[in-house]
Amino acid sequence: MRADYTTLAATVAALTEGETDAVSLMATVACEVHHADDRFDWTGFYRVTEPGLLKIGPYQGGHGCLVIPFDRGVCGAAARTGQVQIVPDVEAFPGHIACSSSTRSEIVLPVHDRQGRLIGVLDIDSDLPAAFDDTDARGLEAILTATFGRLG
């Protein structure tokens, strides 16, 4: 099954209404997004904990890397550039960090609060090659903006 982003956005909005704790929001979003699509093998957040550094936050799936500097990997690229990263083949991405040997493709989206401050990234891995596209990017960006854009 592929995610129906309209339904997923409505579900996340209903579940998170009135919540202002970023970690609670991340836990709920990670859970709902992860179970909404069969392509999603690992779904989670890396939080900005100090300048230039991401640390693992709430996630669904197997273990993840604990710490990712902004200058390494797909998550670091999303944090550093502020741009969505869609990677059809992780082996072809320079500096990819292999947290899981089963990951074949990845999408990572920056997460900002109301002030526009980067608070983390949403990382979704798939064991399928080229699993993600612009439809995923747009649907996930809308959910992140609606959920985290009220913080700060």
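What you see is a predicted model, and the numbers here were worked out from it, not measured in a lab. (Residues numbered from 1 in each chain as written. Predicted model: local features only at pLDDT ≥ 70, side-chain atom pairs only at ≥ 80, totals over all residues. Heavy atoms only, no water.)

Colleague: In this structure, what is going on with the pairing of strand β2 (residues 53-60)? I would like to understand it.
Modeller: Each regular strand shows side chains that alternate between the opposite faces of the sheet. Direction of pairing for strand β1 (residues 42-50) relative to β2: antiparallel, over a ladder of six bridges. Within β2, the position partnered with T43 by the bridge is Q60. If you look at the hairpin formed by β1 and β2, you'll find two residues sitting between the two strands, and G52 has a positive phi there, around 75 degrees. The sheet contact formed by β2 and strand β3 (residues 67-69) spans three bridges and is antiparallel. What sits directly across from L54, in β3, is I68. (Pairing = 2+ DSSP bridges. Helix = DSSP H or I, 4+ residues; strand = E, 2+ residues; numbered from the N terminus.)

Colleague: Please explain the sheet that holds β2 as it appears in this structure.
Modeller: The strands making up a sheet associate through backbone hydrogen bonding, with each pair oriented either parallel or antiparallel. Taken in spatial order, the six strands of this open sheet run β3-β2-β1-β6-β5-β4, and their pairing is antiparallel. Each of the sheet's edge strands pairs with one partner strand only, and the pair in question is β3 and β4 (85-87). Direction aside, neighbouring strands of the sheet carry axes that sit 25 degrees apart on average. Strand direction decides the pairing type here: β4 and strand β5 (residues 105-112), joined by three bridges, are antiparallel. Paired with Q85 across the strands is V108, a residue of β5. The strands touched by helix α2 (residues 22-34) are β1, β2 and β6 (118-126); relative to β1, the strand with the most contacts, the crossing angle is about 160 degrees. Its contacts with the sheet place helix α4 (residues 134-148) against β1, β4, β5 and β6, and it is angled at close to 30 degrees to β5. (Axes fitted to C-alpha atoms, helices over the stretch in contact; angles between N-to-C directions. Contact = heavy atoms within 4.5 Å.)

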